[in-house]
Amino acid sequence: MSIKILGGVARNFDLATPHSKNTRPTSVMLKRRLFDSVQDFSHIVFVDLCAGSGAIGLEALSRGAQSVMLIESNKNAFRLLKQNAQNIRKKFPELGKVVVKPSDFKRWLKQEITELNKLQDKLYIFFDPPYEQVQLYDDFFAMIKGLEVPAKLVVEACQQKTMKFDQFAEKYGEPDKIFEQGTSFFAIYDL
């Protein structure tokens, strides 16, 4: 199975997706709403935690992100993620920088939060763990408190598998924006 980049320089570029019960692609409509809401990706550093195939981070890259960091701990997904990143850079060398790391997001954030705090460019952090693993959301929101620079957090969850939206907002704070598609949603926070 493959999915396509929706817009930007690499529009219609095919990305391979992993066959795993722990990874699933973000819905096209939800992804489109997020990316259509941001007009200018230049001067953006985009971090895709739990990156899977890299579809979200590579979409940001295609639309002009200065650099993209793709973090994935699942070995099978990481192999495809690395391949997708190499393939898109080979076909579109003019795109920004891509860093692909085989790491669990907690370990990566712990190691890199000091570097993230030094960034001068706008920071976007996308977080989309397996929906059912609510503890990962708890860990993410606890760790992100160490972020001292302005950032936009985009967190994907599901009203059936994670928790109802009102419970999510009560537990993690009222988002500045929300995009919904079916039972999935993006909670967007401006830090």
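Turning next to the overall build of the protein. In terms of regular secondary structure, the protein is built from six helices and nine strands. The C-alpha atoms of the protein give a radius of gyration of 15 Å, which matches the 16 Å a tight globule of 191 residues would have. By the burial criterion, 52% of the 191 residues in the protein qualify as buried. The long-range share in the protein, meaning contacts at least 24 apart out of those at least 6 apart in sequence, stands at 65%. A total accessible area of about 9,400 Å² is found for the protein, and carbon and sulfur atoms account for 48% of it. Computed over 27 positive and 23 negative side-chain charges, the separation of the two mean positions in the protein equals 7 Å.

On to the sheet that holds strand β8 (residues 177–181), then. With mixed pairing, seven strands are arranged side by side in an open sheet as β5-β4-β3-β6-β7-β9-β8. Each edge of the open sheet carries a strand with a single partner, namely β5 (97–102) and β8. Taking each pair of neighbouring strands and ignoring which way they run, the sheet shows an average axis angle of 15 degrees. Note: strand β6 (residues 122–127) against strand β7 (residues 151–158), five bridges, orientation parallel. Looking at β7, one finds that L123 is bridged to A151. This element, helix α3 (residues 75–91), spans β4 (67–72) and β5 of the sheet and lies at about 165 degrees to β5.

Here the focus is the state of the cysteines. For the coordinates displayed, the defined rule picks out zero disulfides. Just so you know, C50 is unpaired, no disulfide at all, and the nearest cysteine sulfur is the one on C158, 16 Å from it.

Evaluation of the coordinates by the stated rule reveals seven salt bridges. Salt-bridge contacts for D14 lead to K4; the nearest nitrogen and oxygen are separated by 2.8 Å. One end of the pair, D14, is in strand β2 (residues 14–16); the other, K4, is in strand β1 (residues 2–4), and 10 residues separate them in sequence. Classification of K4 by relative accessible area gives partly exposed; the value is 40%. In this structure, E59 and R63 form a salt bridge, with 2.7 Å as the shortest nitrogen-oxygen distance.

Turning to unusual backbone geometry, a few remarks are in order. Backbone geometry places N12, a non-glycine residue, at a positive phi of 75 degrees. In this fold, N12 is placed in the loop between β1 and β2. Judged by relative accessible area, which is 44%, N12 ranks as partly exposed. The phi dihedral of H43 is positive, around 65 degrees, even though this residue is not glycine. Structurally, H43 can be placed in the loop between α1 (28–36) and β3 (44–49). A residue is classified by how much of its surface remains accessible, and H43, at 53% relative accessible area, is exposed.

Within helix α5 (residues 134–143), burial applies to L136, Y137, D139, F140 and F141. Looking at the packing, one finds that the buried side of α5 touches β3, α4 (105–116), β6, β7, α6 (165–172) and β9 (184–190).

Cut-offs and rules
Residues numbered from 1 in each chain as written. Predicted model: local features only at pLDDT ≥ 70, side-chain atom pairs only at ≥ 80, totals over all residues. Heavy atoms only, no water. Helix = DSSP H or I, 4+ residues; strand = E, 2+ residues; numbered from the N terminus. Rg over C-alpha atoms; globule rule 2.2 N^0.38 Å. Buried < 20%, exposed > 50% of the residue type's maximum accessible area, 1.4 Å probe, protein only. Contact = heavy atoms within 4.5 Å. Areas by Shrake-Rupley, 256 points an atom, 1.4 Å probe, with all protein chains shown as cover. Lys, Arg positive; Asp, Glu negative; His and termini not counted. Charge placed at Lys NZ, Arg CZ, Asp CG, Glu CD. Pairing = 2+ DSSP bridges. Axes fitted to C-alpha atoms, helices over the stretch in contact; angles between N-to-C directions. Disulfide = S-S within 2.5 Å. Salt bridge = Lys/Arg side-chain N within 4 Å of Asp/Glu carboxyl O.

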